[in-house]
Amino acid sequence: MSKVMSWIDRRFPLTSFVKNSLTEYPTPRNLSYWWNFGSLAGVVLVIQIVTGVFLAMHYKPDSMLAFDSVEYIMRNVNYGWLIRFMHSTGATAFFAVIFIHMARTLYYGSYRAPRELMWWTGQGLLLLLMATAFMGYLLPWGQMSYWGAQVITNLFGAVPFLGDELVVWLRGDFVVGDATLTRFFALHYLTPFIIVAAVAIHLVALHTVRSSNPSGINLADKNNIPFHPYFTVKDLYGLCIFLIVYSYFVFYNPNMFIEADNYIPANPMQTPVHIVPEWYFLPFYAILRSVPDLLGGVIAMSISVMIFAAMPFLDRSKIPGGARYRPIYRAMFYLFIVDVLVLGYVGAKPPEGFLIPLGQIATFFYFAVFVFLPIISTYEEKWLRKRGLPAEVEQMMRCEELQKCERRQRKADRRKSER
Amino acid sequence: MADVKSHPENPNRREFLTTATSAVAGVGVAAATWPFVSSMNPGSDVLSKSTTEASLKGIRAGEVKTVDWQGKPVFVLHRQEKQIAAMEGVGDGKDPEEDSDRVKNPDWLVVVGICTHLGCVPSRKKDGWLCPCHGSVYDNSGRILSGPAPRNLDVPEYEFIGTDKIIIGKAQA
């Protein structure tokens, strides 16, 4: 065995790769369970790819056959119902896990230097995930599939000058039709592999900057422990809890996240009375509807998704640990979460009565949080410093400052010696 | 990195826990794999095609009718008196078998029309079949006479319903 390993190691860095990135990968000892959701997202990605490949063995991307082929999978293929419900529930699970992963990053300020690239590759992954989910939702070719795709592709009609041509080009037809279905299937099969590549980049970046931790500072070496067995076990424990919840929905409540109208075959001549997107798009959909202008709504919705990328610039505070040591930022975080939930509620209901102004107020607040964050975070830091930070935080900041100084000193020394 | 205690106090217990956990995980993964493997087997719509009824009316003595059973060709040969007589005994090929064991009614030979060599469909020749792919020759009992095929043509499960109808195959759950 060791002979084989050394034969390989002379040609490929297998042992050192496993050591550096798994068994002995140094991980902060103080990670909480909120740090489980990255690896969970990886597991869900694998579940989606595996179930998706097996579904594609039976699915027919043709507008005359698609709906029936999904029912065929449900009724005739051995365990087809299981594989399909794993896939549809998996989409929901994916967004749930990713949203918690993002919320953790926002709460603990993990997007701060040196992890900006992690945050931005994550933002790219979110966009890819949304695109994949949206295209996958058309494939069952039910009423909600059809009209969701019709509405979302129409959004591109808001692009100035080229809008109408762009919409027709995206659909390959004047309405969502067979051409649209076939290309959505092709792309829905492609994007997961782009996601895998993007995840690889996300992980390379992670293994360069290392995991953040609840204290918000980069820990000294003595405070890191090897990933295996400490975090393989912790991740597996979290995975078991996740799988229990996931199995509940797959086996006992699989239709909770599938609109009843999607069991009616697509009918281009009739729109369902009340059309709603999947739950994970609801807050953004509410923002779209709250702006009384087509182009304005589309722009507001796009910004509402993309604005997270600006967080490393918008948050001006140097105090580590995100919300942990910053009461005002913490209040803003919770208000933002509540606001997103309100937007989700508004997005799920027909736009009537008090829900219209409520949606507009929530939209305004959503953007206000980001717009005022630079000012608030600057003043918050001043106020906290004047009031006096907890001794441990002061020490942590000094410690981080010290590490930075040491690094700078080492660099200067090296330069000197090179000369 | 922090000092890690690499020598547990009770190594046997730790080893047992590791083994037990791995075993449970292994069983779980195997169980989760099964639905995926199973989904690649024929679905219930394919299995529902497991039987086919074929009418024997209108097949004159000496003629062959090819029937579709599970997507496979089944040769139904209405044998003449002299053909039946010529087939008596075990034949002179490499897979000797009594003609009477291969038919339910000597007038009718029912065999799967797929060469036992590599799956081509043999063509009808005088006094038997010849596979166009690699030249295996079968007689009027579907027995291999010469060529690379290892066995006689398979006889499917079938039943006579009355005198002029057969049902090929056995219903599966």
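Procedures and definitions
- Residues numbered from 1 in each chain as written.
- Chains lettered and ligands numbered in written order.
- Predicted model: local features only at pLDDT ≥ 70, side-chain atom pairs only at ≥ 80, totals over all residues.
- Helix = DSSP H or I, 4+ residues; strand = E, 2+ residues; numbered from the N terminus.
- Buried ≥ 20, exposed ≤ 12 C-beta atoms within 10 Å, placed from the backbone.
- Contact = placed C-beta atoms within 7 Å.
- Pairing = 2+ DSSP bridges.
- Nonpolar A, V, L, I, M, F, W, Y, C, P; charged D, E, K, R; others polar.
- Domains from an automatic or database assignment.
- pLDDT = per-residue confidence, 0-100.
- Axes fitted to C-alpha atoms, helices over the stretch in contact; angles between N-to-C directions.
- Parallel < 35°, antiparallel > 145°, perpendicular 65-115°, else oblique.
- Left-handed = near helix turned anticlockwise from the far one by under 90°.
- Expected span 1.5 Å × (residues − 1).
- Arc of directions from axis to C-beta.

Comments concerning the overall build of chain B
Moving on, step 1. In terms of helices and strands, chain B carries 4 helices and 10 strands.
Moving on, step 2. C-alpha atoms of chain B, sized along the principal axes, occupy 95 × 35 × 25 Å.
Moving on, step 3. Counting all 173 residues of chain B, 21% fall into the buried class.
Moving on, step 4. Taking the contacts inside chain B whose residues are at least 6 apart along the sequence as the reference set, 49% of them involve residues at least 24 apart.

Thoughts on the overall build of chain A
Moving on, step 1. A tally of helices and strands in chain A yields 16 helices and 2 strands.
Moving on, step 2. C-alpha extents for chain A along the principal axes are approximately 75 × 65 × 45 Å.
Moving on, step 3. Within chain A, the proportion of its 419 residues that are buried is 32%.

Structural notes on the sheet that holds strand β8 (residues 144–146) of chain B
All names here are of chain B.
Moving on, step 1. On the basis of which strands lie adjacent, the open sheet formed by 4 strands has the order β5-β6-β7-β8 and antiparallel pairing. For this open sheet the edge positions go to β5 (123–125) and β8, each flanked by a neighbour on one side alone.
Moving on, step 2. Of the strand pairs in this sheet, β5 and strand β6 (residues 128–130) are connected by 3 bridges, and their pairing is antiparallel. If you follow R124 over to β6, its bridge partner there is W129.

Focus on the interface of chain B and chain A
Moving on, step 1. Between chain B and chain A, the residue contacts involve 12 residues of the former and 17 residues of the latter.
Moving on, step 2. Elements that contribute at least two residues to the side of chain B that touches chain A include exactly α1 (11–39) and α2 (44–47) of chain B.
Moving on, step 3. Of the residues that constitute the side of chain B that touches chain A, the class distribution is 6 nonpolar, 5 polar and 1 charged.

Observations regarding unusual backbone geometry
Residues and elements named next belong to chain A.
Moving on, step 1. A cis geometry characterises the amide bond from A113 onward to P114, with omega recorded as 5°.
Moving on, step 2. Inspection of the secondary structure assignment puts P114 in the loop between α5 (80–108) and α6 (116–138).
Moving on, step 3. With an omega of 5°, the peptide bond running from H228 to P229 counts as cis.
Moving on, step 4. Secondary-structure assignment places P229 in helix α10 (residues 227–252).
Moving on, step 5. Despite not being glycine, F161 shows a phi value in the positive range, around 65°.
Moving on, step 6. Position of F161 among the secondary structure elements: in the loop between α7 (143–155) and α8 (163–171).
Moving on, step 7. A count of 7 C-beta atoms within 10 Å places F161 in the exposed class.
Moving on, step 8. Notably, R210 is not glycine yet its phi reads approximately 70°, a positive angle.
Moving on, step 9. Mapping R210 onto the fold places it in the loop between α9 (178–209) and β2 (224–226).

Quick word on the domain arrangement of chain B
Moving on, step 1. The domains assigned to chain B are domain 1 (10–41) and domain 2 (47–168).
Moving on, step 2. Its C-alpha centre places domain 1 of chain B at a distance of 48 Å from the equivalent point of domain 2 of chain B.

Notes on the confidence of the model for chain B
Moving on, step 1. Taken as a whole, chain B shows an average pLDDT of 88; of its residues, 94% reach a score of 70 or greater.
Moving on, step 2. Both scores are available for the predicted complex, with the pTM at 0.88 and the ipTM at 0.84.

Concerning the sheet that holds strand β1 (residues 52–55) of chain B
All names here are of chain B.
Moving on, step 1. The strand order across the open sheet built from 3 strands is β1-β10-β9, with neighbouring strands paired in antiparallel fashion. On the outer flanks of this sheet lie β1 and β9 (158–160), each paired with one strand and no other. Neighbouring strand axes in the sheet, compared pairwise and without regard to direction, differ in orientation by 20° on average.
Moving on, step 2. Two elements, β9 and strand β10 (residues 165–168), share 3 bridges in a ladder whose sense is antiparallel. Note that in β10 the partner of Y158 across the bridge is I168.

Thoughts on the packing of α5(A) against α10(A)
All names here are of chain A.
Moving on, step 1. Remark: α5 packs on α10, axes separated minimally by 9 Å, with the N-to-C direction vectors making an angle of 135°. Comparing the axis directions of α5 and α10 gives the class oblique. The element α5 and its partner α10 pack so that their crossing is right-handed. Contacts between α5 and α10 involve F85, M86, T89 and A93 from the first element and Y246, F249 and V250 from the second.
Moving on, step 2. Within the contact of α5 with α10, the residues separate by chemical class into 6 nonpolar, 1 polar and no charged.

Some points on helix α14 (residues 327–348) of chain A
Residues and elements named next belong to chain A.
Moving on, step 1. Compared with an ideal rise of 1.5 Å per residue, which puts 22 residues at 32 Å, α14 spans 32 Å between its outermost C-alpha atoms and is within 8% of the ideal.
Moving on, step 2. When we look at burial in α14, the residues that qualify are Y329, M332, V340, V342, L343, V346 and G347. All buried residues of α14 project into a common sector of 165° when viewed along the axis, lining one side. Looking at α14, the residues exposed on the side facing more than 90 degrees away from the buried face are P327, A331, Y334 and V338.
Moving on, step 3. Summarising the contacts, the buried residues of α14 are in contact with α11 (282–290) and α15 (355–387).

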